[in-house]
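Topology and contacts: notes
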Amino acid sequence: MEMPTPDPFVLAKKARVVARLRSVLPADAVISDDREVKAYECDALTAYKCPPMVAVLPSTTQEVSDVLRVCHEEGVPVVPRGSGTSLAGGALPTADCVILGVARMNDVLETNYPDRYIRVQTGRTNLSVTGAVEENDFFYAPDPSSQLACAIAGNIAMNSGGAHCLKYGVTTNNLMGVTMVMMDGEIVEIGGAHLDAGGLDLLGLICGSEGQLGVVTEATLRILHKPEGARPVLMAFNDNEVAGACVADIIKAGVLPVAIEFMDRLCIETTEAYAQAGYPDCHALLIVEVEGSDAEIDEQLSKITAIARKHDPVELRESKSAQESAAIWLGRKSAFGAIGQISDYMCLDGTIPVSSLPMVLKRIGELSDEYGLKVGNVFHAGDGNMHPLILYDANKDGDLELCEKMGADILRLCVEAGGCLTGEHGVGIEKRDLMFDQFTPQDLEAQMAVKDVFDPQWLLNPSKVFPLSASQSRRAPAIAAE
Amino acid sequence: MTPTTETDVAEAIASATGPVRIEGGGTRPIGKQVASDTLSVAALSGISLYEPGALTVVAKAGTPVAEIEETLAKENQRLAFEPMDHRDLLGTAGVPTIGGVVAGNVSGPRRIAVGACRDFMLGVRFVDGTGTILKNGGRVMKNVTGYDLVKLLTGAHGTLGVLTEVSLKVLPMPETSATLHVHDLSPLDAVAAMSGALGSPFEVTGAAYNGDVLLRVEGFEASVSYRLSELTKKLGHYGQISQTNDPEASAEIWQSIRDVQSLQAHGSDVWKLSVKPSSAPAVLEMIQAEQTLLDWGGGLIWAALPAGRDLRAQIKDVNGHATLVRASAETLAAIPAFHPETPVVAKIGAELRRKFDPRDILNRGLMA
Ligand SMILES: Cc1cc2nc3c(=O)[nH]c(=O)nc-3n(C[C@H](O)[C@H](O)[C@H](O)COP(=O)(O)OP(=O)(O)OC[C@H]3O[C@@H](n4cnc5c(N)ncnc54)[C@H](O)[C@@H]3O)c2cc1C
């Protein structure tokens, strides 16, 4: 993956930049030692690493503003960072950048149950937001699988989703307001505890902008009362296509499950070997979860199983208790870990229209044969967000490149099928160079024009999202001006 | 101008020499209107794609909302954000279009439970102020590829681009629906009761107050009666409770709330305030309106006021914003329809408009 050449003028003034940062932050909040900055050299896309020039860990919005003001004046690129769990390389540093980590900003600022919101500093982890309201039976709905580690900051930047987004939506649908610091240090408040911010929907624009428009330091998040209960049904089929048709029928029937998860043969076998969840021997497996009181759950599950029966399932396993539910979820939740045990893998994130599921799965199978790389599929079927896992060998020369090439083909396939390159992980560096497959140059120009408004010098996370060739002329003047 | 294709829209905009007023059905003339040529997108009409199994519909911007709703109803689906029909409130005629709904981010009572129009928007095609055809988003439910211009265009009232096609997520219709009434509450008790209901696990999909609190519950028959009885237990101490169990009668109640019927004959000016629900009782005290209706659990206040009174001056210290939805041209000349923004937000908005519409021709000054 190509990254821009570090700006020699910036590298040359490291000492001055560090001194200026030290003048606005507590001593332990500026990390400039070459060995220590290595802790920030990558995110969860670990194939790519590059230690930053400096890392800073501010504790307040004002400190973030001070840092950005310094970097703005010095013309130093800044890469914001939450917990570093991005799978797209969104938080990957460049050698000439300051990593701005918000990990120390993890306070709960306000909880309001009557108005159903919580305000937090964005370094707080996703799970600990729910943790802060759980004792009152409330929760924060978006639940990425990485929720133990990932921060609200990264969730907002990537507009992250989760297993339950079919019912509750993704981050953008649960975000009510932010405090954001612009690259020049200006602090802006957008939205808040009221619904529908007036004027242009800047909140919607900022969510999912991958740290390129501003550094989000505080967020007002919608919280909801927990459902009375939730239980899944496991449905086993001998054909991907049939499972796909079953998903469409469930949705059409007017039942709205909170989650519909799909696993294919390779994932089923691998997780069975790893987690012994007791899954049936089959080719395609669906886990469908519904919520409500016990009686409501029974009624919905009976409607869903009636639909599934028409598709000739190998097995239907309806959970009747918390233990049975845990057993059904066990395999799905261990799927990534299980695959990781047997091989290196790359996790894709394209979305397709649910109706194209059978065609796309078949085509992925063919690509797998062509490239000679195995692919497992485990994903959110209700919304068409696929996660093909391509297995490769990191120690084998050329295997990563082959895997990336195949990944690009799969993502192009998603776009051709009417879908998109990324459903929840973001573009980062990973899908940057495929953007022209989804957008015309004019479409991308319109997006880059938005960045021009927020960050005219392109100092915030500049080498992400847009193909380097497309953003070149905007990034270059910063260097030329020195 | 009534172009019939997206390319024609692009040409019309590219060759425009002055401001252009963009119109769908012309049923929602909100905001300041500047004398200009009118470009109607009404002739860009028709559903391009509808996949019930994927919960998605794609339609040209001029497609009548009614046509979309009828098509969805045949598959037992609907636009869950329940777009309001502004005609009776604003005294307009014409055919509401989906483009107008999206441009105004128009949502109804169910917004409190499922989200606004913007939350159901999957994709847009539009023509910017230079006449360039652009797209963003798509037709799939999860999409984080690039910046979310879909949300930026939704609610931009045509000031950033002429919408030509929109993709929306739809939802299944429930088997049945019913309304719980809690009678004769003070605003303070009403908001507390609505907060209690919305903060329960019983999935209330409408919470309004017009002297009585009205709570809507939707779903399978057995669920609805179960949740009604749980809510009755929970809220019984607030006041006398009754139910509307006939789904059609219940639907009429919510249509009347959606379209703000109780304010139609009142006052000259109609304001729409967005505040946090617990602020609503105090705001009602401050504004002393002729008639009000609370929706969204108290988060949305509809208020009828005498002509020309600047309500914003009365609620200076309240967090939120107020839109002047219905007023005479004289009033609109003195009081901006849209809430004044903080300088930094206003600057971002102005610069975004300059990027998308460098000649400032699209609905010039409408949101100013
Ligand atoms: C095992 C595993 C499972 C995962 N499962 C899911 C899943 O189910 N759903 C899903 O959506 N994602 C998932 N992810 C991806 C990842 O967890 C999400 O993208 C997450 O939101 C990243 O959060 P973070 O705090 O780690 O952000 P980081 O990785 O630190 O940064 C992500 C992006 O956010 C930007 N950013 C960080 N902080 C700020 C800030 N304060 N202001 C502005 N921009 C900022 C960064 O510059 C970067 O572009 C998974 C990742 C892993 C490793």
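Residues numbered from 1 in each chain as written. Chains lettered and ligands numbered in written order. Predicted model: local features only at pLDDT ≥ 70, side-chain atom pairs only at ≥ 80, totals over all residues. Heavy atoms only, no water.

1. Some details on the packing of aromatic side chains
Using the criterion set out here, one finds nine aromatic pairs over all chains in the structure. Ring centres of phenylalanine 139 of chain A and tyrosine 168 of chain A lie 5.4 Å apart, and the angle between their planes is 80°; on these two criteria the pair is classed as edge-to-face. Note that phenylalanine 139 of chain A is positioned in strand S7 (residues 138–139) and tyrosine 168 of chain A in helix H6 (residues 165–168), a separation of 29 residues in sequence. Here phenylalanine 139 of chain A matches tyrosine 168 of chain A in class, with each residue buried. Measuring from centroid to centroid gives 4.8 Å for phenylalanine 262 of chain A and phenylalanine 379 of chain A, while their planes differ by 25°, and the two rings are stacked. With phenylalanine 262 of chain A in strand S13 (residues 259–264) and phenylalanine 379 of chain A in strand S17 (residues 375–380), this residue pair connects regions lying 117 residues apart in the sequence. Like phenylalanine 379 of chain A, phenylalanine 262 of chain A is buried. An aromatic cluster is built from Trp458 and Phe466 of chain A together with Tyr147 of chain B, whose rings are joined through pairwise contacts. (Phe/Tyr/Trp six-rings, centres within 6.5 Å; stacked < 30°, edge-to-face > 60°. Helix = DSSP H or I, 4+ residues; strand = E, 2+ residues; numbered from the N terminus. Buried < 20%, exposed > 50% of the residue type's maximum accessible area, 1.4 Å probe, protein only.)

2. A look at the site of the ligand
Residues and elements named next belong to chain A. Taken together, 32 residues surround the ligand, and among them Pro80, Gly82, Thr85, Ser146 and Ser160 come closest. Taking serine 86, its main chain carries an N or O atom lying 2.7 Å from an oxygen atom of the ligand. Here an oxygen atom of the ligand and a backbone polar atom of glycine 161 are 3.0 Å apart. Burial of the ligand by the surrounding chains reaches 92%, relative to a free accessible area of 970 Å². At the level of secondary structure, the elements contributing two or more residues to the shell around the ligand comprise strand S3 (78–81), helix H5 (152–158) and strand S10 (215–222). Counting residues per element, the shell around the ligand draws most heavily on H5, at five residues. When the residues that make up the shell around the ligand are grouped by side-chain class, the tally is 13 nonpolar, 16 polar and three charged. When residues of the shell around the ligand are sorted by domain, at least three fall in each of domain 1 (8–101) and domain 2 (108–225). (Near = heavy atom within 4 Å. Polar contact = N/O pair within 3.5 Å; in protein donor to acceptor, adjacent residues only side chain to side chain. Areas by Shrake-Rupley, 256 points an atom, 1.4 Å probe, with all protein chains shown as cover. Nonpolar A, V, L, I, M, F, W, Y, C, P; charged D, E, K, R; others polar. Domains from an automatic or database assignment.)

3. A short note on the sheet that holds strand S8 (residues 162–169) of chain B
Residues and elements named next belong to chain B. Strand order in the open sheet made by the five strands is S3-S4-S8-S6-S7, with antiparallel pairing throughout. The open sheet has two edge strands with one neighbour each: strand S3 (47–51) and strand S7 (133–137). The average undirected angle you get between the axes of adjacent strands in this sheet is 10°. In this sheet, strand S4 (residues 56–60) lies alongside S3 in antiparallel orientation, the contact comprising four bridges. Opposite leucine 49, over in S4, you have valine 58 as the bridge partner. Taken strand by strand, helix H2 (residues 65–74) contacts S3 and S4, and its axis lies near 25° from that of S3. (Pairing = 2+ DSSP bridges. Axes fitted to C-alpha atoms, helices over the stretch in contact; angles between N-to-C directions. Contact = heavy atoms within 4.5 Å.)

4. Considerations on the interface of chain A and chain B
Taken together, the contact between chain A and chain B spans 93 residues of the former and 71 residues of the latter. Buried area between chain A and chain B, summed over both chains or domains, comes out near 6300 Å², and the portion from carbon and sulfur atoms is 60%. For chain A, the biggest contributors to the area lost against chain B are Leu195, Asp196 and Leu200 of chain A; these three give 11% of the whole. Taken together, the links from chain A to chain B amount to eight salt bridges. Among the salt bridges present, the one from glutamate 203 of chain B reaches lysine 167 of chain A, with a minimum N-O distance of 2.5 Å. Our count for the contact surface shared by chain A and chain B stands at 23 residue pairs in polar contact (both at pLDDT 80 or more). Broken down by element, the side of chain A that touches chain B gets its largest block of residues, ten residues, from helix H15 (residues 441–454) of chain A. Its residues assigned to classes, the side of chain A that touches chain B comprises 41 nonpolar, 32 polar and 20 charged. (Buried area = accessible area lost by both parts, 1.4 Å probe. Salt bridge = Lys/Arg side-chain N within 4 Å of Asp/Glu carboxyl O.)

5. Brief notes about the nonpolar core
Core analysis: the largest hydrophobic core is formed by 215 residues, its most contacted members being Leu202, Leu205, Met235, Leu286 and Phe454 of chain A together with Trp302 and Leu352 of chain B. In terms of residue count, helix H13 (residues 399–416) of chain A provides more of this core than any other element does, nine residues in total. Once residues lying within four places of it in the same chain are set aside, the contact partners of leucine 202 of chain A are Ile190 of chain A together with Leu152, Val345, Ile348 and Leu352 of chain B. In this structure, Val67, Ala153, Val181 and Leu460 of chain A belong to the second largest nonpolar core, which totals 28 residues. (Core = buried A, V, L, I, M, F, W, Y, C linked by side-chain atoms within 4.5 Å.)

6. Regarding the pattern of salt bridges
All names here are of chain A. Inspection of every chain in the model, using the stated rule, returns 55 salt bridges over all chains. Two residues, glutamate 73 and arginine 20, come together in a salt bridge whose shortest N-O distance is 2.6 Å. Placement of the pair is glutamate 73 in helix H3 (residues 61–74) and arginine 20 in helix H2 (residues 14–24), with a sequence separation of 53 residues. Using a relative accessible area of 51% as the deciding quantity, one classes glutamate 73 as exposed. Taken together, the shared-partner salt bridges connect Lys13, Arg16, Arg20, Glu73 and Glu74 into one network.

7. Structural notes on empty space enclosed by the protein
Under the definition given, this model contains four cavities of 30 Å³ or more. Of the volumes computed, that of the largest cavity is approximately 690 Å³. Taken together, 45 residues make up the lining of the largest cavity; nearest its centre are Asp196 and Ala197 of chain A together with Asn105, Lys272 and His321 of chain B. Looking at the lining of the largest cavity, the elements that each hand over two or more residues are strand S8 (175–181) of chain A together with helix H6 (117–120), helix H10 (247–258), strand S14 (269–275), strand S16 (300–305) and strand S17 (320–326) of chain B. When grouped by side-chain class, the residues that make up the lining of the largest cavity number 18 nonpolar, 18 polar and nine charged. (1 Å grid on protein atoms, 1.4 Å probe; cavity = no way out; pocket = protein on both sides within 12 Å on 5 of 7 lines; lining within 4 Å. Points joined across faces, edges and corners; volume = space filled by probe spheres on them.)

8. A short note on the domain arrangement of chain A
You'll often see interface size given as the accessible area lost when the parts meet. Residues and elements named next belong to chain A. Here chain A is partitioned into domain 1 (8–101), domain 2 (108–225), domain 3 (228–341), domain 4 (343–426) and domain 5 (433–481). Put simply, the middle of domain 2 and the middle of domain 3, counted by C-alpha atoms, are 30 Å apart. Facing six residues of domain 2, the contacting portion of domain 3 comprises eight residues. Buried surface at the junction of domain 2 and domain 3, both sides included, amounts to about 600 Å², of which 57% is carbon and sulfur. Three residues stand out in domain 2 for area buried against domain 3, namely His164, Leu166 and Lys167, and they jointly supply 72% of the buried area on that side. Across the domain 2-domain 3 interface, the total number found is one salt bridge. Its residues assigned to classes, the side of domain 2 that touches domain 3 shows four nonpolar, one polar and one charged.

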